[in-house]
Amino acid sequence: MSVEILTMLFFGALLLFVMLGTPLAFALGGISVIFLYAEMGDLGFYLLASKMWETMQSPTLMAIPLFVFMAILLEKSGVANDLYDMMHEWWGGLRGGLAIGTVLICVIFAAMSGISGAAVVTMGTIALPKMLERGYDKKLALGAINAGGGWGILIPPSILMVLYSLLTEVSVGRLFAAGIGPGLLLFFLVSVYIGGRCWMQPELGPALPKEERANWGQKLRSLKAVILPILIVVIVLGAIFGGYATPTEAAAIGVFGAMVATGVNRQLSWAVIRDASVATLKLTALIMWILFAAHAFSTAYTALGAQSLIQDMMNLVPGGRWGSLVFMLAVLFILGMVLDPVGIMLITLPVFLPVVQSYGFDPIWFGILFIIMMEVGYMTPPFGFNLFYLKGVAPPDVTMGDIYASVTPYVIVTLIGVLLIILIPEIATYLPKYFYG
């Protein structure tokens, strides 16, 4: 049977089971195993088991449950409330200042948690009602939280980056370093957008009245709120980039820091630890099935010979290497509207990575573009996760239509950031070279 027909059957079966509601990891892994056995027989199972065993021996894998546990603890610690009070006092006197302060908190939360949903849920609960009470435009406020929340997978430590590293065998430390510049770039672009719009249209983000603004004494006292978060970030990332600890060891240090922060805020209890442990176990078990599905898909796809087919098809895309890059990013953008980022990673990376390498692109640089497109997927309808997280915590008068309508300008701003990283690769590649040579 030709590779073209096998490819159609393979993806057709995957689409069928996904439409039937089968979890993607199980659908992809099960179909891959069936096709692998049909193509290679028993040998395929030995090959798959060998790849899984090699992955399970990776020390980087241990970083995943540790970063998840750290993120859940920080979400329960009450740190976000103190941060928002501080941002309210420092930024509230500016037009759009509360929204800019909110996205800055998203940056700090991203650097502490490594997941997307934490900042969206926390800021949707704390910041959104206060911005709406102050007369902020609904779409401006919703879009700021939606966009800023997605940076949790871009600014290190990022759990999605750890998965990307495991699937592509690139350095997770280099990926972490590469995410810092683009993360700060997106924060700058979003802040400029918010500040610019509110300057031209003051009614979108009115400044606090003078009598409600904090004095310098209150502002300086409020800075104590950033001590613990900044300390956690500096210790975790400093240990990694300074060469004092591996990402796994730094994750363990981060867990300790999160427990200290939770204890300082008097939120640490056996109930909190138990709930965080159970949630971590569930997410870690899910990730293990995802890794199995990824290896099964990669092995089956290689056995079918479809990789050469995809490369031949990519050669037909006009524009050479840059045309192929644009095509891959466009595919990621479309898939992001209907699939979760991990599912997209499972389906596309085995196909895209050989193409990226054949064209001589830096896989670390491409990884950052990939992660940002996954971030866009988190915030775009109809199935972006952040949209539903936000709806779950938003006030009753905020409709799903309001959330959908808030997305467009922030997606455009993010895509401008992607274009800048393509035109100036050093935004992503400078720090990995600086820290790792």
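Data block above holds the structure.
Residues numbered from 1 in each chain as written. Predicted model: local features only at pLDDT ≥ 70, side-chain atom pairs only at ≥ 80, totals over all residues. Heavy atoms only, no water.

Looking now at the overall build of the protein. Regarding its fold elements, the protein presents 22 helices and 0 strands. C-alpha atoms of the protein, sized along the principal axes, occupy 75 × 45 × 45 Å. Relative to its 437 residues, the protein shows a buried fraction of 54%. Counting contacts in the protein only where the partners sit at least 6 residues apart, residues at least 24 apart contribute 79% of the total. Accessible area of the protein: about 18,600 Å², with a carbon and sulfur share of 69%. For the protein, the distance from the average position of its 20 positive side-chain charges to the average position of its 23 negative side-chain charges is 12 Å. (Helix = DSSP H or I, 4+ residues; strand = E, 2+ residues; numbered from the N terminus. Buried < 20%, exposed > 50% of the residue type's maximum accessible area, 1.4 Å probe, protein only. Contact = heavy atoms within 4.5 Å. Areas by Shrake-Rupley, 256 points an atom, 1.4 Å probe, with all protein chains shown as cover. Lys, Arg positive; Asp, Glu negative; His and termini not counted. Charge placed at Lys NZ, Arg CZ, Asp CG, Glu CD.)

A few words now on the packing of aromatic side chains. Counting across every chain of the model gives 10 aromatic pairs. Where Y193 meets Y410, the ring centres are 5.3 Å apart and the plane angle is 80°; that geometry is what we call edge-to-face. Of the two residues, Y193 sits in helix α10 (residues 172-200) while Y410 sits in helix α21 (residues 408-423), which places them 217 residues apart along the sequence. With respect to class, Y193 is no different from Y410; both count as buried. (Phe/Tyr/Trp six-rings, centres within 6.5 Å; stacked < 30°, edge-to-face > 60°.)

Another aspect to go through is the packing of helix α17 (residues 341-358) against helix α18 (residues 363-379). Running from amino to carboxyl end, α17 crosses α18 at an angle of 150°, the nearest separation of the two axes being 12 Å. Considering the angle they form, α17 stands roughly antiparallel to α18. Two packed elements cross with a definite hand, and for α17 against α18 that hand is right-handed. Within the contact between the two elements, α17 uses P341, I344, M345, T348, L349, F352, L353 and V356 and α18 uses P363, F366, F370, M374 and Y378. Of the residues that constitute the contact of α17 with α18, the class distribution is 12 nonpolar, 1 polar and no charged. (Axes fitted to C-alpha atoms, helices over the stretch in contact; angles between N-to-C directions. Parallel < 35°, antiparallel > 145°, perpendicular 65-115°, else oblique. Left-handed = near helix turned anticlockwise from the far one by under 90°. Nonpolar A, V, L, I, M, F, W, Y, C, P; charged D, E, K, R; others polar.)

What describes two packed helices is the angle between their axes and the distance between those same axes. Taken N-terminus to C-terminus, the directions of helix α12 (residues 227-241) and helix α13 (residues 247-264) make an angle of 170°; their axes are 8 Å apart at the nearest point. Regarding the angle of α12 to α13, the classification is roughly antiparallel. Contacts between α12 and α13 involve L228, I232, I235, V236, A239 and I240 from the first element and P247, A250, I253, G254, G257, A258, A261 and V264 from the second. Partitioning the contact of α12 with α13 into residue classes produces 12 nonpolar, 2 polar and no charged.

This brings us to the environment of F109. Mapped onto the fold, F109 is located in helix α6 (residues 97-113). Along the sequence, F109 and A80 sit 29 residues apart, while their C-alpha atoms lie 8.0 Å from each other.

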